[in-house]
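# Observations on chain architecture
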Amino acid sequence: MKQHLIVLDLDGTLLTDQKVISPKTKRTLNKAMEAGHEVMIATGRPYRSSETFYKELGLTTPIVNFNGAFVHHPTNNHWGTHHTPIGLNVVHEVVESMHNFDFHNIVAEVLDDVYVHHHDEKLMDIFRFGDPTITTGDLRNYLKTDPTSILIHAPYERVQEIHDHLSSVHAEVIDHRRWGAPWHVIEIVKSGMSKAVGLDRVSKSMGIARENIIAFGDEDNDLEMIDFAGVGVAMGNAIEPLKTIANEITLTNNDDGIAELLIERLKL
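The notes below deal with the structure included here. Since we're looking at a predicted model, the values are computed, not measured. (Residues numbered from 1 in each chain as written. Predicted model: local features only at pLDDT ≥ 70, side-chain atom pairs only at ≥ 80, totals over all residues. Heavy atoms only, no water.)

Attention now moves to helix α4 (residues 88-98). Those residues of α4 lying buried are L88, V90, V91, V94, V95, S97 and M98. Packing partners of the buried residues in α4 comprise β6 (105-110), α6 (139-142), β9 (149-153), α7 (156-169), β10 (174-178) and β11 (185-190). (Buried < 20%, exposed > 50% of the residue type's maximum accessible area, 1.4 Å probe, protein only. Helix = DSSP H or I, 4+ residues; strand = E, 2+ residues; numbered from the N terminus. Contact = heavy atoms within 4.5 Å.)

Listed below in structure tokens is the structure:
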């Protein structure tokens, strides 16, 4: 069998709702690697909050973080680091415009440095993972570096109007997506960034053709990746738009959907 590249989103895909990798899925991925296939992670998370799972699986591949805005190889410094942040002037415009809307908070991440517009203990718990440097205060004053991503946390009933505003005013310079429940968050990266962009870079460096890529995802930040992969797989718990474009639909993240499909497809 030809060597395949298996690409894994984390939340809602590789991880169960308890944020762990199930024993069966871990065993199956280990078997796939023993059989000569490559396994990698492509996530919206920063590296600091995905490193644990990278190491748990014993991966030796590049990783896509921040939905493609940061791609590097944790175990090979010679592979290169590809960081594509958002221009600071654009961020300041977005932050300024958000004050015309009802929002809870805005968070900027510069790789592993976190900037929080308003102090919020509940939200901070998400970003403390990996022990980043956290700065709190008006982003228009404290943020001095082009950020990798921006997150806008807003009341559920306000998310759509903020989404529409960003689409109409800033569409040429940023791309934005909504997080899944329970967090009503809009995530912003530089225009043109997606997991597919990062995956294209990685797969070419490994010499693996698109038709031999099997990618798993569940949310709208996986759309481009699932479309790009030779075999795009939507989890059973995935959003409907992803299931519509996927080549395959497997079981949910809580039912070893990744393992079940790989066992069948790769004869593990």
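For the rest of this paragraph, the subject is helix α11 (residues 257-265). All buried positions along α11 are accounted for by G257, I258, A259, L261 and L262. For α11, the secondary structure elements touched by its buried residues are β1 (5-8), α1 (10-14), α2 (23-34), β12 (213-217), β13 (231-234) and β14 (248-249). Immediately beyond the C-terminal end of α11, within one or two residues, lies K267, with a positive phi of roughly 55°.

So, about the sheet that holds β1. With respect to topology, five strands assemble into an open sheet ordered β2-β1-β12-β13-β14, the strand pairing being parallel. Only two strands of the sheet have a single partner each, and these edge strands are β2 (38-41) and β14. Note that β1 and β2 share four bridges and pair parallel. Within β2, the residue paired with I6 across the bridge is V39. Along the sheet, helix α8 (residues 195-206) contacts β1, β2 and β12; its crossing angle with β1, the most-contacted strand, is approximately 155°. (Pairing = 2+ DSSP bridges. Axes fitted to C-alpha atoms, helices over the stretch in contact; angles between N-to-C directions.)

Another point: the packing of α4 against α7. Between α4 and α7, whose axes approach to 12 Å, the crossing angle comes to 140°. Comparing the axis directions of α4 and α7 gives the class oblique. The interaxial crossing formed by α4 with α7 has right-handed handedness. Contacts from V94, S97 and M98 of α4 reach α7 at I162, H165 and L166. (Parallel < 35°, antiparallel > 145°, perpendicular 65-115°, else oblique. Left-handed = near helix turned anticlockwise from the far one by under 90°.)

Next up on the list: the packing of aromatic side chains. If you walk through the whole model with that rule in mind, you get one aromatic pair. Consider the rings of Y47 and Y54, whose centres lie 6.5 Å apart with planes at 75°: the pair is edge-to-face. Judged by relative accessible area, Y47 falls into the buried class, the value being 14%. Sitting over the ring of F228, R210 keeps its end group 4.1 Å from the ring centre. (Phe/Tyr/Trp six-rings, centres within 6.5 Å; stacked < 30°, edge-to-face > 60°. Lys NZ or Arg CZ within 6 Å of the ring centre and 35° of its normal.)

Attention now moves to the environment of T60. Note on placement: T60 falls in the loop between α3 (51-56) and β3 (63-65). For the pair T60 and G87, spaced 27 residues apart in sequence, the C-alpha to C-alpha distance is 32 Å. With near-sequence residues (within four places) excluded, T60 lies in contact with Y54, H73 and T75.

Once that is clear, we can look at the pairing of β12. Most of β12 sits out of view: five of its five residues are buried. By the alternation rule, side chains of β12 split into I213, A215 and G217 and I214 and F216, which are all buried. Pairing between β1 and β12: four bridges, direction parallel. Looking at the pairing, L8 lines up with F216 of β12.

A full pass over the atoms with the stated rule returns 16 salt bridges. With its nearest N and O atoms 3.3 Å apart, the salt bridge here joins R48 to D112. With a gap of 64 residues between them, R48 in the loop between β2 and α3 and D112 in the loop between β6 and β7 (113-116) connect regions that are remote in the sequence. For R48, a relative accessible area of 7% translates into the label buried. Classification of D112 as partly exposed rests on a relative accessible area of 34%. Note that E240 is salt-bridged to K243, the shortest N-O span being 3.9 Å. A residue pair is termed a helical-turn pair when its members lie 3 or 4 positions apart in one helix, as E240 and K243 do in helix α10 (residues 240-245) at three residues. (Salt bridge = Lys/Arg side-chain N within 4 Å of Asp/Glu carboxyl O.)

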